[in-house]
Amino acid sequence: MPKRALITGITGQDGSYLAEQLLGEGLEVFGMVRRSSTETFERIAHLRDRVTLVQADLLDQTSVIRALQRAEPQEVYNLAAQSFVPTSFEQPELTAQYTALGVTRMLEGIRAVDKRIRFYQASSSEMFGKVRESPQSERTPFHPRSPYAVAKAYGHFMTVNYRESYGLFACSGILFNHESPRRGLEFVTRKITDGVARIKHGLARELRLGNLDARRDWGFAGDYVRMMVAMLRQDRPDDYVVASGETHSVRELCQIAFARAGLDWERHVVVDASFIRPAEVDLLVGDPAKAGRELGWQPTVDFRGLVEMMVDADLARIGQAVARRELRH
Ligand code: NAP
Ligand code: GDD
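Residues numbered from 1 in each chain as written. Chains lettered and ligands numbered in written order. Predicted model: local features only at pLDDT ≥ 70, side-chain atom pairs only at ≥ 80, totals over all residues. Heavy atoms only, no water.

Enquirer: Hey, could you run me through the site of ligand 2 in this one?
Expert: Neighbouring ligand 2 are 23 residues; Ser124, Ser125, Tyr148, Arg277 and Glu280 lie closest to it. Between ligand 2 and serine 124, the relevant distance is 2.5 Å, taken from an oxygen atom to a side-chain nitrogen or oxygen of the residue. A distance of 2.7 Å separates an oxygen atom of ligand 2 from a polar atom in the side chain of asparagine 177. Summarising the interface, the protein chains cover 95% of the accessible area of ligand 2, which totals 710 Å² for the free molecule. Among the residues forming the shell around ligand 2, the class breakdown is 10 nonpolar, 6 polar and 7 charged. The two domains that each donate at least three residues to the shell around ligand 2 are domain 1 (4-179 + 219-242) and domain 2 (188-216 + 246-284 + 301-328). (Near = heavy atom within 4 Å. Polar contact = N/O pair within 3.5 Å; in protein donor to acceptor, adjacent residues only side chain to side chain. Areas by Shrake-Rupley, 256 points an atom, 1.4 Å probe, with all protein chains shown as cover. Nonpolar A, V, L, I, M, F, W, Y, C, P; charged D, E, K, R; others polar. Domains from an automatic or database assignment.)

Enquirer: Can you walk me through the pattern of salt bridges in this structure?
Expert: If charged atoms from side chains of opposite charge come close, those side chains can pair. Counted under the stated rule, the structure contains 25 salt bridges. Note that arginine 198 and aspartate 194 form a salt bridge whose closest N and O atoms lie 3.0 Å from each other. Linking arginine 198 with aspartate 194, this pair stays in helix α6 (residues 188-200), spanning 4 residues, or about one helical turn. The class of aspartate 194 is buried, set by a relative accessible area of 9%. Here aspartate 238 makes a salt bridge to lysine 290, at a shortest N to O gap of 3.1 Å. (Salt bridge = Lys/Arg side-chain N within 4 Å of Asp/Glu carboxyl O. Helix = DSSP H or I, 4+ residues; strand = E, 2+ residues; numbered from the N terminus. Buried < 20%, exposed > 50% of the residue type's maximum accessible area, 1.4 Å probe, protein only.)

Enquirer: Could you clarify how one ought to interpret the site of ligand 1 in this entry?
Expert: Surrounding ligand 1, one finds 24 residues, the nearest of these being Thr11, Asp14, Arg34, Ser83 and Tyr148. Within the backbone of leucine 58, one N or O atom sits 3.1 Å away from a nitrogen atom of ligand 1. One of the backbone nitrogen or oxygen atoms of alanine 81 is found 3.2 Å away from an oxygen atom of ligand 1. Protein contact buries 90% of the 910 Å² of open area that ligand 1 shows by itself. Only α1 (13-24), β5 (118-124) and α5 (147-166) provide two or more residues apiece to the shell around ligand 1.

Enquirer: Help me understand the domain arrangement of the chain, please; the structure alone is not making it clear to me.
Expert: Often, the extent of an interface is quoted as the loss of accessible area upon association of its parts. Under the domain assignment, the chain is made up of domain 1 (4-179 + 219-242) and domain 2 (188-216 + 246-284 + 301-328). Placing a centre on the C-alpha atoms of domain 1 and another on those of domain 2 gives a separation of 27 Å. Residue-level contacts link 17 residues of domain 1 with 13 residues of domain 2. Between domain 1 and domain 2, the buried area comes to about 1300 Å², and carbon and sulfur atoms account for 64% of it. For the interface between domain 1 and domain 2, the tally reads 1 salt bridge. The residue glutamate 126 makes a salt bridge to arginine 216 at a minimum N-O spacing of 3.6 Å. (Contact = heavy atoms within 4.5 Å. Buried area = accessible area lost by both parts, 1.4 Å probe.)

Enquirer: Where do I start with empty space enclosed by the protein in this structure?
Expert: Space left empty within the atom packing is revealed by a probe, the size of a water molecule, rolled over the atoms. Tallied over the entire structure, the rule returns 1 cavity of 30 Å³ or more. Taken as a whole, the largest cavity holds about 30 Å³ of empty space. What lines the largest cavity is Val85, Glu126, Arg145, Ser146, Arg216, Arg277, Ala279, Glu280 and Val281. A breakdown of the residues in the lining of the largest cavity according to their chemical character gives 3 nonpolar, 1 polar and 5 charged. Formed jointly, the lining of the largest cavity draws a minimum of three residues from each of two domains, domain 1 (4-179 + 219-242) and domain 2 (188-216 + 246-284 + 301-328). (1 Å grid on protein atoms, 1.4 Å probe; cavity = no way out; pocket = protein on both sides within 12 Å on 5 of 7 lines; lining within 4 Å. Points joined across faces, edges and corners; volume = space filled by probe spheres on them.)

Enquirer: For this particular structure, what's the right way to read the environment of glutamine 82?
Expert: In this fold, glutamine 82 is placed in the loop between β4 (75-78) and α3 (85-90). Judged by relative accessible area, which is 11%, glutamine 82 ranks as buried. When the C-alpha positions of glutamine 82 and threonine 95 are compared, they lie 5.7 Å apart, and in sequence the two are 13 residues distant. Leave out the neighbours within four places in its chain, and glutamine 82 touches Thr87, Ser88, Thr95, Tyr98, Thr99 and Tyr148.

Enquirer: Any chance you could explain the sheet that holds strand β3 (residues 51-55) here in plain terms?
Expert: Pairing between the strands of a sheet comes from backbone hydrogen bonds, and it takes one of two forms, parallel or antiparallel. Here we have 7 strands laid out as an open sheet, ordered β3-β2-β1-β4-β5-β6-β11, and parallel in their pairing. Every interior strand has two partners, whereas the edge strands, β3 and β11 (240-242), have only one. Strand-to-strand twist of the sheet, defined as the mean angle between neighbouring strand axes without regard to direction, takes the value 25°. Where strand β2 (residues 28-33) lies against β3, 5 bridges are found, and the strand directions are parallel. Each bridged residue has a counterpart across the sheet, and for phenylalanine 30 the counterpart in β3 is threonine 52. Lying over the sheet, α1 contacts β1 (4-8), β2, β3 and β4, oriented at roughly 175° with respect to β1. Contacts from α5 reach β5 and β6 (169-175) within the one sheet, and its direction differs from that of β5 by about 150°. (Pairing = 2+ DSSP bridges. Axes fitted to C-alpha atoms, helices over the stretch in contact; angles between N-to-C directions.)

This is the structure we're talking about:
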């Protein structure tokens, strides 16, 4: 019988790449999806006949237990979360329910159903927040700067605690920002590459952004999901930073993205104070040495390659929509 994996958040960016990765390795893949009046399966449309979708919600402990009983997985990847930082300032309580307590519900579900299940928790470099040192490693203290980051820090420590208290094979992947053509449109990389494509095709003239000085350590999501799997295939559970080790500003991102389409970013980008956050994370840069040593971490796409891949994909997508008259000037 093939090994089985359950992915929460399979309809998100990372869930879709991880499902491809696990199917490619011959696993049977189950995806946990929440009920919605319209389907949100666009990112996994090409996989629909190869994955089994199970309805459950991180807010509902019983549904989580039933999903685990139904899938009988050997591996669980907990990717579901309210993942957009600005929304966490608007909806702090809901963010805590999904992003923090959702982790406890998954861990409790595993304790109840099968303690041998290996568990991956999607932790975040946002936990470093107002950074105490650079680059940030597994040993860097956390100083979260948003309700999202606070919720992720809770999920991280619950994962560590269930490993230490109950002997669960539970790993926390502290992943730095990772992007792709499947990234949600509100995140800054995709907002910029989608904006570039709209301007290039004459659908818009300006792009309104917030803090252009913020710096992030950006990589390609397809590379990062391989490390989630690698963590669960180790002999011992542990926590790992996954990052490129480089940092770039939003301004640099604009320069490269607009130039790829033959545009001058300074003629189109407008700074709009409404996108400035109540508390900002100014600088993230990760130290992935441990992942390199123990998991063989080697990203295949660099920063410029990532931005150009995303611009090219959005130019093609918007161009086709214009040609089909789905989008009009
Ligand atoms: P994403 O695209 O926003 O996907 C989030 C997923 O969570 C979606 O499938 C969403 O389902 C699901 N979800 C949200 N609330 C749920 C609930 N109550 N019950 C069940 N499912 C729920 O996020 P991503 O970029 O793929 O990131 C995956 C995970 O890694 C997240 O936990 C994120 O916080 C974390 N992370 C991401 C990055 C990054 O740079 N991408 C870095 C570090 C950590 P719907 O389709 O129904 O909305
Ligand atoms: N979204 C957005 N929109 N961000 C902007 C904008 C804008 O118009 N203008 C400037 N920025 C800046 C933000 O202030 C932030 O400093 C940076 O761009 C990146 O913002 P996002 O792309 O929204 O990502 P994030 O870093 O807040 O969070 C992402 O990465 C985390 C890992 O560090 C998310 O994927 C989180 O879920 C993830 O944990």
